[in-house]
Amino acid sequence: MNKMLFAIFSVFLLFHSTAIESVEAIMWHRYIGADVTANGVFISKVYSPTVDYTQFSLSSGVEDNDYFAIQNSNEVICSGAIAQGSYTISLTISDGTDSVTKLIPFEVVQGSAHPKLLSGYSQSLVITSSGDVYCYGAGAEGVLGNGSTSNVNTPYLLNGVGGPLEGESVIALSASQMTSHFLTRDGKVFSCGQNNVYQLGITSTTADITTATEVSALSSHTVVQVAAGYAFTLYLTAEGKIYGVGRNGEGQLGNSSNTNSSTPVWLQGAHSILDNEFVIAIGAGITDAHALVASGDTYAWGGNYNGQLGLGNTTHQNEPQLVTFSSPAKFITTDSHIAMMGVILETGVGYTTGRNNVGQLGRTGSATSYLSLASPLDTESLHTIQNNWENVLVITDAGAVYGFGSNSSNQLGPGSTSNRSSPTLIDASEFNNETVTQVMMGNDYSSVLTTTGKLFCIGNNSTGQLGLGNNTSRSSYTQSSLDIGANTRIVTYNTPSDTTVVIPTSTFAINWTSYQLSGEQFL
């Protein structure tokens, strides 16, 4: 879950019929309004025979943009702002002729929002588990959104009393070298930074915008993810549609044009290959763009100077092109800021393509097509690939962290500052031997977040981008005093005593297990 998403969790339901046939469904759950249905808010990928999930709703008290996953061991993993209390999931299953409904009660016993980390070039953005939004680092072009262009080395609260985001519940972040974006629970977008080609989607000025400002041009849409490229921005809506604004010289807006746009334009159109696809995640590089759809297929378009589209050539594309893999993908990098791209398949294997001047592909040689990462990551199941400029951090499903690429400021870990052309394990003792759940990769610095909410920082700190209250760079990991908070909430649920769904024309046995999409956008 990616990995939202914006953040998205999933449920993995295995159905076995009385016949030999079986149904396997992978479903991503994002709550909007009264129901989560198959109209695009509730997405299912189903293998033969087809079963139509006609309704998936929750009892009152759950808010828009809450995410959750039913997991084994009588637990439900949730994020968002679901309050403590009792809830009921109602699942209606239909075979096209008849249907049956199952009620699944569960109790929220521990609550917190889901924290987020994101970096632009030298600006750092953080959402804590309590919902506080902080910024720190370089303030050029107004990218911190605090009304100033000055650097900040101590975390500044953006949604506190009198702050530019006061009263807003921010659930996701995106940033480029010169822009920052904040997505709220109700689907609004606030942006700041450079706006010389209207890349913020704000048409009132081409001057820098130093205070986080709502993008009114998106008021008729519920945005679920923002991806910031160099001088262009992409938006993903709850309907699975992509809109883009700003620079379009290489076709990065994907609308069959190379003309810049001052207002968000719809990518899917009469001739788009994505017309009949439901997009669940988007990514943006310097001039390239990428999408992951519900089926697990990936698409790419825009600038292709270094083969970062993964199409086997260096030809720019102003319309989405299908990128072929051996199995469905579950994760794409979302804010790469450089001419390379990473993808993780459902098998856990990671692939990269594009520029490789300092080893940022995690293997030798550049490529115009995706190739798997080098040892030892060629045999590891991967969770996240986070790249920024010429450095990359990878989290495995086991919680180990590897780095490769540029290491000029020890941004990939202590020791030598030589570039790393193959994946190198960062010793877990650097993070108090805690499991890492998220990483934040800047131009020449990085931070990691552990399951207990501790934030560890390393690398260049000349503009305060580590948020440690000074401008002293770090060659070893230093724990931040910023209280991020735990990553998930745990709730209990009661498995239905009758695990057999009997429909007059079909009988299915339900096994409640979990399948979690990996990656930052699904957390």
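Residues numbered from 1 in each chain as written. Predicted model: local features only at pLDDT ≥ 70, side-chain atom pairs only at ≥ 80, totals over all residues. Heavy atoms only, no water.

A.B. asks: When you look at the overall build of the protein chain in this model, what are you seeing that I'm missing?
C.D. replies: The helix and strand inventory of the protein chain stands at zero helices and 39 strands. For the protein chain, the proportion of its 523 residues judged to be buried stands at 60%. With the model as given, the accessible surface of the protein chain reaches about 17,300 Å², and the carbon-plus-sulfur share is 46%. (Helix = DSSP H or I, 4+ residues; strand = E, 2+ residues; numbered from the N terminus. Buried < 20%, exposed > 50% of the residue type's maximum accessible area, 1.4 Å probe, protein only. Areas by Shrake-Rupley, 256 points an atom, 1.4 Å probe, with all protein chains shown as cover.)

A.B. asks: Where do I start with the pairing of strand β13 (residues 170-175) in this structure?
C.D. replies: A regular strand carries its side chains on alternate faces of the sheet. Counting buried positions over the six residues of β13 gives six, a clear majority of the element. Bridge count between β13 and strand β14 (residues 179-184): five bridges; the pairing is antiparallel. Within β14, the position partnered with V170 by the bridge is T184. Linking β13 back to β14 in an antiparallel pair, the connection comprises three residues. (Pairing = 2+ DSSP bridges.)

A.B. asks: It is not clear to me how the sheet that holds strand β20 (residues 261-266) should be interpreted in this structure. Could you clarify?
C.D. replies: In a beta sheet, neighbouring strands pair by backbone hydrogen bonds and run either parallel or antiparallel. The sheet built from four strands is open, its strands ordered β17-β18-β19-β20 with antiparallel pairing. With partners counted over all chains shown, the strands left at the sheet margins are β17 (223-228) and β20, one partner each. The mean inter-strand angle of the sheet, taken between neighbouring strand axes irrespective of direction, is 15 degrees. (Axes fitted to C-alpha atoms, helices over the stretch in contact; angles between N-to-C directions.)

A.B. asks: Is there a simple way to explain the state of the cysteines in this structure?
C.D. replies: Any covalent bond linking the sulfur atoms of two cysteines counts as a disulfide. All told, the structure shown has zero disulfides when counted by the stated rule. The structure places no disulfide on C135, whose sulfur is separated from the nearest cysteine sulfur, that of C192, by 8.0 Å. Judged by its relative accessible area of 0%, C135 is buried. (Disulfide = S-S within 2.5 Å.)

A.B. asks: Where do I start with the environment of S204 in this structure?
C.D. replies: Mapped onto the elements, S204 comes out in the loop between β15 (189-193) and β16 (209-214). Linking S204 and S262, residues 58 residues apart in sequence, is a C-alpha distance of 10.0 Å.

A.B. asks: When you look at the sheet that holds strand β31 (residues 401-405) in this model, what are you seeing that I'm missing?
C.D. replies: With respect to topology, four strands assemble into an open sheet ordered β29-β30-β31-β32, the strand pairing being antiparallel. Two strands close off the open sheet at either side, each with one partner strand: β29 (382-388) and β32 (420-425). Sheet twist, expressed as the average angle between the axes of neighbouring strands with direction ignored, equals 15 degrees. Pairing geometry for β29 and strand β30 (residues 391-396), over six bridges, is antiparallel. Residue pairing in the sheet places I385 in a bridge with V394 of β30.

A.B. asks: Please clarify how the nonpolar core should be interpreted in this entry.
C.D. replies: Taken as a class, soluble globular proteins show a tendency for nonpolar side chains to be buried jointly. V133, Y136, L165, V170, L173, F182 and L455 are the most contacted members of the largest nonpolar core, which has 29 residues in total. For this core, the secondary structure elements donating two or more residues are β9 (116-119), β10 (123-127), β11 (133-137), β13, β15, β34 (445-450) and β35 (455-459). A total of four residues in this core trace back to one element, the largest contributor, which is β11. Judged by nonpolar contacts, the second largest core, of 18 residues, contains V224, V279, I282 and A291. (Core = buried A, V, L, I, M, F, W, Y, C linked by side-chain atoms within 4.5 Å.)

A.B. asks: Any chance you could explain the confidence of the model for the protein chain here in plain terms?
C.D. replies: In regions of low pLDDT, the predicted coordinates are not meant to be interpreted in detail. Counting all residues, the mean pLDDT for the protein chain is 76, and 70% of those residues have values of 70 or more. Every residue in residues 108-112 is under pLDDT 50, and counting partners more than four places away or in other chains gives 22 contacts. The model gives residues 488-523 a pLDDT under 50, and that stretch makes 180 contacts with residues more than four places away or in other chains. (pLDDT = per-residue confidence, 0-100. Contact = heavy atoms within 4.5 Å.)

A.B. asks: Would you mind going over unusual backbone geometry with me for this structure?
C.D. replies: When glycine is set aside, most residues are seen to have a negative phi, and most peptide bonds are trans. Cis peptide bonds are those with omega within 30 degrees of zero, and the linkage from S375 to P376 qualifies with 10 degrees. Position of P376 among the secondary structure elements: in the loop between β28 (367-372) and β29. The backbone of S256 shows a phi angle near 65 degrees, a positive value even though the residue is not glycine. Topologically, S256 is positioned in the loop between β19 (242-246) and β20. For N432, which is not glycine, the phi torsion reads 60 degrees and is therefore positive. Assignment of secondary structure puts N432 in the loop between β32 and β33 (436-441).

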